[in-house]
Amino acid sequence: MKGKHFILYGRIRKEVISMSHYVISISREFGSGGRIIGKQLAAKLGIPCYDRTIIQKTAEKSGLSPEFIARAEERARSRFHLSIAPVDLGGRSSSPSSVSVNQQAFFAQAKVIRELAEQGSCVIVGRCSDYVLGDNPDCLKVFVHADLPARSQRCIQEYGLSAQGLTERINQTDRGRANYYNYYTGHTWGEMRQYDLTINSSVSGIDGAVELIAQLLEQREQH
């Protein structure tokens, strides 16, 4: 497969780098700007970015409705830190009759994520993609977090949310993401050792985070 070509813009240098096949998985706290970072990074590299569009792609391939998949996610998010063994994504020990319908939706989504990663370089935001692609050596796993004041400000200014009750909404959304991730992977959401790079976007800013990820891709290619 021919490598993608992109340009890194820094304060001092500007260069064109040829990269091989790669996938960037971005996990993020609510309001940290992780989705924006993913989209801007994909635009910079000239590759697609997948986030909630994966639900529609999963529905098209699996025959499950987008509403069913979204409800399955919501049910998993509402569970309070259940601890189970990670699901077998290879399906070697599971059959359709031995897993719940919620897990069937997760399996279907995981299959789509793997297929997207195999098709070509891309950015995937959320969806437990760091776990799904855990054995893929071409996957760079990133976690984006931020200070609560910066997250609150972004939620108000960019997402149009009300300041009333915002802190609880942010915490509730993060609890839901953690529950979903912990339930299906058996790992702890946000645990730094699971990622290749963690970024505090309160410090780096959106543009700085994009640049950091692009630079790490360059370093991986050189090594």
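Scroll up a little and you will see the structure.
A. Layout of the overall build of the protein chain. Scanning the protein chain from terminus to terminus reveals eight helices and seven strands. The burial tally for the protein chain puts 47% of its 223 residues in the buried class. Of the contacts made within the protein chain by residues no fewer than 6 positions apart, 70% connect residues no fewer than 24 positions apart. Taken as a whole, the protein chain presents about 11400 Å² of accessible surface, with 50% of it coming from carbon and sulfur.

B. View of the nonpolar core. Core analysis: the largest hydrophobic core is formed by 25 residues, its most contacted members being I54, I124 and L133. Of all the secondary structure elements, the ones that give two or more residues to this core are helix 4 (101-119), strand 5 (122-125), helix 5 (129-132), strand 6 (139-145) and helix 7 (166-185). Among the elements that line this core, the one with the most residues is helix 4, at six residues. Beyond its immediate sequence surroundings of up to four residues, L133 is in contact with V23, I113, R114, A117, I124, C139 and K141. I26, I47, I206 and V210 belong to the second largest nonpolar core, which has 22 residues in total.

C. Quick peek at the pattern of salt bridges. Tallied over the full model, the rule gives eleven salt bridges. Residues D174 and R151 are paired through a salt bridge, measuring 2.3 Å at the closest nitrogen-oxygen approach. Residue D174 is located in helix 7, and its partner R151 is located in helix 6 (residues 148-157); the two are separated by 23 residues in the primary sequence. By relative accessible area, R151 is classed as buried at 6%. Measuring nitrogen to oxygen at the nearest pair gives 2.7 Å for the salt bridge that ties E168 to R175. By relative accessible area, E168 is classed as partly exposed at 44%. Note on R175: relative accessible area 31%, which makes it partly exposed. Each of E29, R151 and D174 takes part in a single network of salt bridges with overlapping partners.

D. Expanded view of unusual backbone geometry. Unusually for a residue other than glycine, R127 sits at a positive phi of about 60°. Among the structural elements, R127 can be located in the loop between strand 5 and helix 5. Phi is positive for C128, which is not a glycine, with a value near 60°. Residue placement: C128 occurs in the loop between strand 5 and helix 5. Relative accessible area serves as the criterion here: at 6%, C128 is assigned to the buried category.

E. Geometry of the side chain of D51. When you line up the elements, D51 lands in the loop between strand 4 (49-50) and helix 2 (53-62). At a separation of 3.4 Å, a polar atom in the side chain of D51 contacts the side chain of K39. Other than its neighbours up to four places away in sequence, D51 contacts R35, K39, V125 and R127.

F. Just the side chain of S201, in detail. Topologically, S201 is positioned in helix 8 (residues 201-222). Using a relative accessible area of 5% as the deciding quantity, one classes S201 as buried.

G. Representation of the packing of helix 6 against helix 7 in the model. Axis separation between helix 6 and helix 7 bottoms out at 10 Å; the angle between their running directions is 100°. With respect to each other, helix 6 and helix 7 are oriented roughly perpendicular. Contact residues: helix 6 offers L148, R151, S152, C155 and I156, while helix 7 offers L166, T167, I170 and D174.

H. Representation of the pairing of strand 5 within the structure. Covered by surrounding structure in strand 5 are C122 and I124 together with V123 and V125, the residues of both alternating faces. Note that strand 3 (residues 23-28) and strand 5 share four bridges and pair parallel. Its bridge partner lying in strand 5, S25 is registered against I124. As paired strands, strand 4 and strand 5 are joined by two bridges and run parallel to one another. Looking at strand 5, one finds that Y50 is bridged to I124.

Calculation notes
- Residues numbered from 1 in each chain as written.
- Predicted model: local features only at pLDDT ≥ 70, side-chain atom pairs only at ≥ 80, totals over all residues.
- Heavy atoms only, no water.
- Helix = DSSP H or I, 4+ residues; strand = E, 2+ residues; numbered from the N terminus.
- Buried < 20%, exposed > 50% of the residue type's maximum accessible area, 1.4 Å probe, protein only.
- Contact = heavy atoms within 4.5 Å.
- Areas by Shrake-Rupley, 256 points an atom, 1.4 Å probe, with all protein chains shown as cover.
- Core = buried A, V, L, I, M, F, W, Y, C linked by side-chain atoms within 4.5 Å.
- Salt bridge = Lys/Arg side-chain N within 4 Å of Asp/Glu carboxyl O.
- Polar contact = N/O pair within 3.5 Å; in protein donor to acceptor, adjacent residues only side chain to side chain.
- Axes fitted to C-alpha atoms, helices over the stretch in contact; angles between N-to-C directions.
- Parallel < 35°, antiparallel > 145°, perpendicular 65-115°, else oblique.
- Pairing = 2+ DSSP bridges.

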